[in-house]
Amino acid sequence: MSANYTKSLKTHLARIAQFFFILSLITISLEAQKNVSQADTGRIKWGHADFSGYNRPTMCHRALDEATRHYTRRYNKDTSLAPIVKNSSPIQELPKATIETVKACIAHLNMDSQDLDQLWAVARIHLVLGEWDKSKIASEKAIAAGASEEEKLDMKLQALRMYLNHSESTIPLAYHFADIIHSTQPETHIGKYQSDISFATYFFVRYNVDSVMKYTGSAIEALKKMSIDDMDKVLAFNAFSIRLEIANESGDIPTQEKILEEASQVVSNWRSGVGSRAIETAYRGIEVKKTVYNRKMVSLHQGVWQNSDGIERPKVGVSTLVVMLNHNCGIGCYSRVQAIKRLKNTFGKDLDVVLITSTMGYAPGTGPLTLQEEGHEAAKYYKDYLELPFPLLVDESPTHKLDDGRIIRDKGPMAQILSDLNGTNAIVTDREGKVQWAGVLYSELQIRLLASVIERAVAKKSE
């Protein structure tokens, strides 16, 4: 097999992965999805209208990507910010206009007779069109033509994830490729681990705890059979990390300790000590949690309040979500913003939301600012632009100058407290202000876990 084919195949795999990344950004973006660009005066015409020059599926695959970007610029607030439903699929189906574009693009192509370097594009296009048997055949042809067993395994995993992350209807195809991986001889523990972690992650996002435990358990058994060299080729701590998240959701400290005990036996030598350091860090986090869980959170008073109603936080009588944000984060934080909105829309008056941001000396679109000026601009950005009308605590970062004039900003009081909680950026308290959970909220991937945490905090009875 030629080196050019192998290179081309890897390029197409990367494009498929890039497609899902782009699609996720489109799904979570806020401002970018509002109607159309202000720069669009009507003179810009939609491309990909004349497909007579498109002579291979990869060109139509690119049209698929761009059509998706074009037709998902609009969003319906009522659905994008809808209350969270447990175990429901967060995967967004492609717009009908995208599908019609792809159909028009391939109308004059013979999709059943394509070169090997076109097969992944063929598989993806058939998948979008709902022609799943044809998609499966194309994927299997591509895998069979792999240059080595390692490359074939990579492609089997790519196929598994492609079908797993397309829609709930194509999950059987994901199981099909998982079965192939698990039945491959000679036995490949790496493939089994990667397959199990893919499913564990899928079910974690939906917060189907039984399925998460099943697949992380299977993944850990695969790890136990690996050589240290093979273990170094995977993200070995992920299986334990996911289990820690599950145990932490319920505030179960003893179970977290047991998980780390097993991790110490299995992955302590992973990547020349990276595993040991990860375990030590997790243990430190547990020790801190022991001191704060089910204890009343201190009142948030250090810093400058904006958009505040003058009521002390955490507020008695409601559960509170405290989240550390960054007012200069931009699009990188939009998914977190979306998650906060959906959590608030899910729990309504039973949930109070408090935002914290650290001073950086400037705000979006400004020059150097004083503490008060930066706080005002940050509050305006959150309330008016991102539509987060919640109390904002502006945490002042201590600063000092180096000899060359550069300003160094250290952690403010609140940032330091969260840092001491093992890198936490979010805290949930119950109606009495007692801490029920400390962890991370980075994107919508965590919203079902947080929904379960908040549900427990809201329902918690006074002791």
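That block above? That's the structure.
Residues numbered from 1 in each chain as written. Predicted model: local features only at pLDDT ≥ 70, side-chain atom pairs only at ≥ 80, totals over all residues. Heavy atoms only, no water.

Enquirer: Describe the packing of aromatic side chains, naming the residues involved and giving the relevant values.
Expert: Scanning the entire structure with this criterion turns up ten aromatic pairs. Between Phe51 and Tyr54, the aromatic rings sit 5.0 Å apart at their centres with planes inclined by 75°, giving edge-to-face as the arrangement. For Tyr54, a relative accessible area of 12% corresponds to the buried category. In this structure an aromatic cluster arises from ring pairing among Tyr175, Phe199, Tyr202, Phe203 and Tyr215. Residue placement shows Arg206 over the ring face of Tyr202; its charged tip is 3.6 Å from the ring centre. (Phe/Tyr/Trp six-rings, centres within 6.5 Å; stacked < 30°, edge-to-face > 60°. Buried < 20%, exposed > 50% of the residue type's maximum accessible area, 1.4 Å probe, protein only. Lys NZ or Arg CZ within 6 Å of the ring centre and 35° of its normal.)

Enquirer: Mind laying out the packing of helix H9 (residues 189-206) against helix H10 (residues 209-224), listing which residues take part and the relevant values?
Expert: Working note: a packed helix pair is described by the angle between its axes plus the distance between those axes. Interhelical geometry of H9 versus H10 gives an angle of 160° and a closest axis separation of 8 Å. One element, H9, and the other, H10, form an angle in the roughly antiparallel class. The element H9 and its partner H10 pack so that their crossing is left-handed. Contact residues: H9 offers His189, Lys192, Tyr193, Asp196, Ile197, Phe199, Ala200, Phe203 and Phe204, while H10 offers Ser211, Val212, Tyr215, Thr216, Ser218, Ala219, Ala222 and Leu223. Its residues assigned to classes, the contact of H9 with H10 comprises eleven nonpolar, four polar and two charged. (Axes fitted to C-alpha atoms, helices over the stretch in contact; angles between N-to-C directions. Helix = DSSP H or I, 4+ residues; strand = E, 2+ residues; numbered from the N terminus. Parallel < 35°, antiparallel > 145°, perpendicular 65-115°, else oblique. Left-handed = near helix turned anticlockwise from the far one by under 90°. Contact = heavy atoms within 4.5 Å. Nonpolar A, V, L, I, M, F, W, Y, C, P; charged D, E, K, R; others polar.)

Enquirer: Explain the environment of Asn238 residue by residue, including any values.
Expert: Within the secondary structure, Asn238 is located in helix H12 (residues 238-249). For Asn238, a relative accessible area of 31% gives the class partly exposed. Not counting chain neighbours up to four residues away, the residues in contact with Asn238 comprise Tyr193 and Ile197.

Enquirer: Residue-level account of the sheet that holds strand E8 (residues 435-439), with values.
Expert: Taken together, six strands build an open sheet; the order of strands is E1-E4-E3-E2-E7-E8 and the sheet is mixed. Two strands lie at the open edges of the sheet, namely strand E1 (304-306) and E8, each paired on one side alone. Taken over all neighbouring pairs, the strand axes of this sheet differ in orientation by 20° on average, direction set aside. Packed on one face of the sheet, helix H16 (residues 371-385) meets E1, strand E2 (319-325), strand E3 (351-358) and strand E4 (392-395) and runs near 30° to E1. (Pairing = 2+ DSSP bridges.)

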